[in-house]
Amino acid sequence: MSEPAVDDPRVDALHERMAEHSLGGHWQKKRRDPNPKLVPHLWPWETVYSCLLESGEVIKLGGINDAAKRRTVNLVNPSIPDLKATSRTLQMSVQLVKPGEMAECHRHTAGALRFVVEGEGTGYTNVNGEQMIMEPNDLVLTPNWTWHDHQNPGATPLVWLDVLDIHLIGHLDINIHENYQDARDGQGNYFGNASQPVLYPDGFCRQRFGPIRPRNGAEDNRFLPYTYKWAEARAALDAMAEAGERDPHDGVLLDYVNPLTGGATMPTIHCRVQLLPPGEETRPHRHSSSTIYHVVEGEGVTTVGGESSGGNDMAWTKRDCFFVPSMDWHAHRNASKSEPAILFSVSDRPVLESLGLYREEHA
Ligand code: GTQ
Ligand code: FE2
């Protein structure tokens, strides 16, 4: 972007002098546009998965970037490739932990969640001491500043989707990370281990913070480590589909709520799952939150943008991931006349709501 020509050497001189002092005129253009409009995009699972498996051959856990100690492949929005970001707030990635491997324990101010793709029921994420078993399509939360390590004691690969609010955290300049190994206990002694001990069995938080629970003062905990089991989500979807309860814009729609507050999944990331009955076509809507989808099953088409902005059809099939930018009109269609389609999605909606910036329009 070049400066509009101003035929006045005094203005040029002013611009130069201001630049020397780290100042700029509101009338001047930015040198680089840091906020281009994000594009919708689809990442076919076939390519994502084959790159992930290849990374399993050539990338040793912790071998290249010692700070991360994670083998994850990031989904990169083509509008902002330098940032390696899926959206301006969220990052979706896929992670692989091979049989016998462990991803070391750490915690960070970025909130994260995992949606499981492959697992035989032995692999787990240890979140603040709870052994959260990862079965396909389970949702595991590791909220802001909770300790977490991933363990695969089984015989087959463990694969899941990671979602972190890392880009939002970056914009807010509050990205802090601590390795368990370097942290100290209450007595000032280093933990010194790569993983934390298992203190609680799988399901501990679901029971302890479920609808029958002790009065323990945790009623308003918005940073609750939690696991949502797929069997329960799927049963709820099927029951609602059977009863014909549908949202005109999203089909059969369920929220993953915080069981204590009844509110958003986490303060920065909200999760949903929706079922589109066979042949279902939803009505278009748009909103100020942006959404990343993952196809749990089925196949269909999501149309993004209206006729005016040149509609963009994204055809998806099982396990593909796709992004719908904020304020873009979108509608979903199940391409099958006999099978349901199911979409898991994550959005930054709670951030927009808490700042008074959530807007929604229906066609
Ligand atoms: O598994 O803890 O994709 O810390 C990025 C950062 C996963 C993790 C990511 C992380 C993790
Ligand atoms: Fe992490």
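Here's what I pulled together on the structure shown here. Only a predicted model underlies this, so the values are computations on that prediction, with no experimental measurement involved.

### Concerning helix 5 (residues 230-243)
Part 1: The end-to-end C-alpha separation of helix 5 is 20 Å, in line with the 20 Å expected for 14 residues at 1.5 Å each.
Part 2: Taken together, the buried positions of helix 5 are Trp-230, Ala-233, Leu-237 and Met-240. What you see down the axis of helix 5 is that its buried residues fit within an arc of 105 degrees, all on one side. Exposed side chains of helix 5 directed beyond 90 degrees from the buried face belong to Ala-231, Glu-232, Glu-242 and Ala-243.

### Quick notes on the nonpolar core
Part 1: Core analysis: the largest hydrophobic core is formed by 46 residues, its most contacted members being Leu-113, Leu-139, Tyr-256 and Val-346.
Part 2: The element that contributes the greatest number of residues to this core is helix 5, accounting for four residues.
Part 3: Discounting chain neighbours no more than four positions away, the residues touching Leu-113 are Leu-139, Val-140, Leu-141, Thr-142, Leu-161, Asp-162, Val-163, Met-266, Ile-269, Cys-271 and Val-346.
Part 4: Core analysis: the next-biggest nonpolar cluster, separate from the first, contains 11 residues, Tyr-293, Phe-322, Val-324 and Leu-343 among them.

### Digging into the coordination of the iron ion (ligand 2)
Part 1: Protein ligation of the iron ion (ligand 2) involves His-106 (NE2), His-108 (NE2) and His-148 (NE2), the donor distances falling in the range 2.1 Å.
Part 2: The exposure class assigned to His-108 is buried, which follows from its relative accessible area of 8%.

### Concerning the pattern of salt bridges
Part 1: Counted by the stated rule, this structure contains 15 salt bridges.
Part 2: Salt-bridge contacts for Arg-286 lead to Glu-361; the nearest nitrogen and oxygen are separated by 2.8 Å. Here the residue Arg-286 occupies a position in strand 15 (residues 285-287), and Glu-361 occupies one in strand 22 (residues 360-362), the gap between them amounting to 75 residues.
Part 3: Where Glu-353 meets Arg-349, a salt bridge forms, and the shortest distance between an N and an O atom there is 2.8 Å. Of this pair, Glu-353 and Arg-349 both sit in helix 6 (residues 349-354), four residues apart, which is roughly one turn of that helix.
Part 4: Look at Glu-353 and you get partly exposed, because its relative accessible area is 41%.
Part 5: You can call Arg-349 buried: its relative accessible area is 19%.

### Comments concerning the sheet that holds strand 3 (residues 91-97)
Part 1: Strand order in the open sheet made by the six strands is 2-3-10-5-8-12, with antiparallel pairing throughout. Among the strands making up the open sheet, the edge pair consists of strand 2 (72-74) and strand 12 (226-228). Strand-to-strand twist in this sheet, taken as the mean axis angle between neighbours without regard to direction, amounts to 25 degrees.
Part 2: Lying on the sheet, helix 2 (residues 45-58) is in contact with strand 2, strand 3, strand 5 (112-118) and strand 10 (158-164); it crosses strand 3 at an angle near 45 degrees.

### Description of the packing of aromatic side chains
Part 1: Scanning all chains against the criterion turns up 12 aromatic pairs.
Part 2: Look at Phe-115 and Phe-344: their rings are 4.0 Å apart centre to centre, the planes differ by 15 degrees, and that puts the pair in the stacked class. Here Phe-115 is found in strand 5, whereas its partner Phe-344 is found in strand 21 (residues 341-347), with 229 residues between them in sequence.
Part 3: On the basis of relative accessible area, Phe-344 is assigned to the buried category, the value being 1%.

### Side note on the sheet that holds strand 14 (residues 270-276)
Think of a sheet as strands paired side by side through backbone hydrogen bonds, with each pair either parallel or antiparallel.
Part 1: Within the open sheet, the six strands sit side by side as 1-19-16-21-14-13. Their pairing is antiparallel. The open sheet has two edge strands with one neighbour each: strand 1 (41-43) and strand 13 (252-256). The mean angle between the axes of side-by-side strands here comes to 20 degrees, regardless of whether they run parallel or antiparallel.
Part 2: Where strand 13 meets strand 14, five bridges bridge the pair, whose relative direction is antiparallel. Bridge assignment links Leu-253 to a residue of strand 14, and that residue is Gln-274.
Part 3: In this fold helix 5 packs onto strand 13, strand 14, strand 16 (291-297) and strand 21, with an angle of close to 145 degrees to the strand it touches most, strand 13.

### Quick word on helix 2
Part 1: For helix 2, spanning 14 residues, the distance from its first C-alpha to its last is 20 Å, which sits close to the expected 20 Å at 1.5 Å a residue.
Part 2: For helix 2, the full list of buried residues reads Trp-45, Val-48, Leu-52, Ser-55 and Gly-56. Down the axis of helix 2, the buried side of the element spans an arc of 105 degrees, and every buried residue falls inside it. Among the exposed residues of helix 2, those pointing more than 90 degrees away from its buried face are Glu-46, Glu-54, Glu-57 and Val-58.

Analysis parameters
All residue numbers here refer to positions counted from 1 along the written sequence of the relevant chain. Chain A is the first chain written and ligand 1 is the first ligand written, with later ones labelled in order. At least 70 in pLDDT is required for a residue's local features to be given in this predicted model, at least 80 for side-chain atom pairs to be given and counted, and no such filter applies to totals for whole chains, interfaces and linings, which use all residues. Excluding hydrogens and water, the side-chain values take into account all heavy atoms of the structure. Each helix is a run of DSSP H or I of at least 4 residues and each strand a run of E of at least 2, with the numbering of both proceeding from the N terminus. Expected span of a helix: the number of residues minus one, times 1.5 Å. With a 1.4 Å probe rolled over the protein chains alone, any residue whose accessible area is under 20% of its type maximum counts as buried; one over 50% counts as exposed, and the rest are partly exposed. Think of the arc as the fan of directions from the helix axis to the C-beta atoms. For this analysis, a nonpolar core means a set of buried residues of the types Ala, Val, Leu, Ile, Met, Phe, Trp, Tyr and Cys, connected via side-chain atoms within 4.5 Å. Residues count as neighbours in contact if any of their non-hydrogen atoms are within 4.5 Å of one another. Any N, O or S atom lying within 2.8 Å of the metal counts as a donor, with the limit raised to 3.2 Å for Na, K and Ca; because water is left out of the atom set, some sites can appear incomplete. Any carboxyl oxygen of Asp or Glu within 4 Å of a side-chain nitrogen of Lys or Arg constitutes a salt bridge here. One requirement defines pairing of two strands: DSSP has to find at least two bridges between them. Lines fitted to C-alpha atoms define the axes, with helix axes restricted to the stretch in contact, and inter-axis angles between N-to-C directions lie between 0 and 180 degrees. Here the aromatic set is Phe, Tyr and Trp, taking the six-membered ring for Trp, and pairing holds for ring centres within 6.5 Å; pairs whose planes are under 30 degrees apart are stacked, those over 60 apart are edge-to-face, and all others are tilted.

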